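Residues per chain, in single letters:
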Amino acid sequence: MSLRPVSSPWAPAAGCSVNADIPVIAHNNCSSSYSNSSSPCVCSKILGSTPEKSRRAAAALGIPKGYASLDELLADRDVAAVHVTSPNRHHFPQVKALLAAKKHVLCEKRLAMSAVESAELVRLAAAAGVAAGVHYNVRFNAVCHEAAARVRAGEAGRILHV
């Protein structure tokens with residue numbers, strides 16, 4: 001499995017902010033290749049933990065569609081990629097279903113509840129020929145704040161890569 005670079009079509013989708021109660025965000029118009037695309041992903045559909053939460057989130061965020069179920073999202077042929085932000089215990093079955101539907105997937109950490117489940121998802125992504133990755137965001141971690149403060153103070157030396 002390969003992770004997309006920062007400059008990939010996933011990057012524009014970062015503007016889709018959701019709260020922790022929203023399990024998945026669907027994107028249209030994504031490049032089907034690993035290369036950059038002149039057609040960036042558009043945050044166009046959302047799935048909440050209930051149909052009502054989907055509807056409310058879509059309305060609040062100006063997203064055209066809130067799905068009633070994961071099955072409805074899986075059946076939508078216009079959806080190319082999905083960002084999974086549900087609670088960890090739901091990641092494996094949701095990502096497995098998305099990969100089976102040949103959707104590109106970006107999943108929040110942790111990918112699954114065991115190494116065996118994670119390995120299965122890696123295998124399924126490769127077999128489906130889709131891009132899949134895990135987002136590991138620790139920007140609010142105290143260690144990250146300390147590191148940033150040291151960089152700003154000039155205590156970290158020459159930074160070669162972040």
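In what follows, the structure referred to is the one given above.
Residues numbered from 1 in each chain as written. Predicted model: local features only at pLDDT ≥ 70, side-chain atom pairs only at ≥ 80, totals over all residues. Heavy atoms only, no water.

Visitor: Which parts of the structure should I look at to understand the environment of Gly129?
Guide: If you trace the backbone, Gly129 turns up in the loop between helix 4 (115–128) and strand 6 (132–135). Spatially, the C-alpha atoms of Gly129 and His104 are 8.9 Å apart, while their sequence positions differ by 25 residues. (Helix = DSSP H or I, 4+ residues; strand = E, 2+ residues; numbered from the N terminus.)

Visitor: What is the right way to read helix 1 (residues 51–61) from this model?
Guide: Every buried residue of helix 1 is listed here: Ser54, Ala57 and Ala58. Projected down its long axis, helix 1 shows its buried positions confined to an angular sector of 100 degrees, all on one face. When the buried face of helix 1 is taken as reference, the exposed residues oriented beyond 90 degrees from it are Ala59 and Ala60. Immediately beyond the C-terminal end of helix 1, within one or two residues, lies Gly62, with a positive phi of roughly 70 degrees. (Buried < 20%, exposed > 50% of the residue type's maximum accessible area, 1.4 Å probe, protein only. Arc of directions from axis to C-beta.)

Visitor: I keep staring at the pattern of salt bridges and nothing clicks. Help me out?
Guide: Pairing is possible between side chains of opposite charge, provided their charged atoms come close. One pass over the structure, following the stated rule, counts six salt bridges. Taking the shortest distance from any N to any O, the salt bridge between Glu52 and Arg56 comes out at 3.7 Å. Of the two residues, Glu52 and Arg56 are both situated in helix 1; the distance of four residues between them amounts to about one turn of the helix. Residue class for Glu52 comes out partly exposed when judged on its relative accessible area of 35%. Assessed through its relative accessible area of 44%, Arg56 is described here as partly exposed. The partner of Glu146 in a salt bridge is Arg150, and the shortest N-O contact between them spans 2.6 Å. Here Arg150 and Glu146 lie together in helix 5 (residues 142–152), a separation of four residues that amounts to about one turn. Looking at Glu146, the relative accessible area reads 42%, which means it is partly exposed. Shared partners join several salt bridges into a network, and the residues in it are Glu52, Arg55 and Arg56. (Salt bridge = Lys/Arg side-chain N within 4 Å of Asp/Glu carboxyl O.)

Visitor: Help me out: how do you make sense of helix 5 in this one?
Guide: Side chains three or four residues apart in an α-helix point the same way, a direct result of the helix having 3.6 residues per turn. Among the residues of helix 5, the N-terminal cap falls to Asn141, whose side-chain oxygen and the backbone nitrogen of Val143 are separated by 2.8 Å. Backbone geometry just after helix 5 places Gly154 at a positive phi near 80 degrees. (Polar contact = N/O pair within 3.5 Å; in protein donor to acceptor, adjacent residues only side chain to side chain.)

Visitor: For this particular structure, what's the right way to read unusual backbone geometry?
Guide: A negative phi angle characterises most non-glycine residues, just as the trans form characterises most peptide bonds. For the bond from Lys109 to Arg110, the omega torsion is -15 degrees, close enough to zero to count as cis. Residue placement: Arg110 occurs in the loop between strand 5 (104–108) and helix 4. Its identity as a non-glycine residue notwithstanding, Lys102 has a phi of 60 degrees, on the positive side. Secondary-structure assignment places Lys102 in the loop between helix 3 (88–100) and strand 5.

From the geometry alone we can't say anything about function, so treat these as descriptive.
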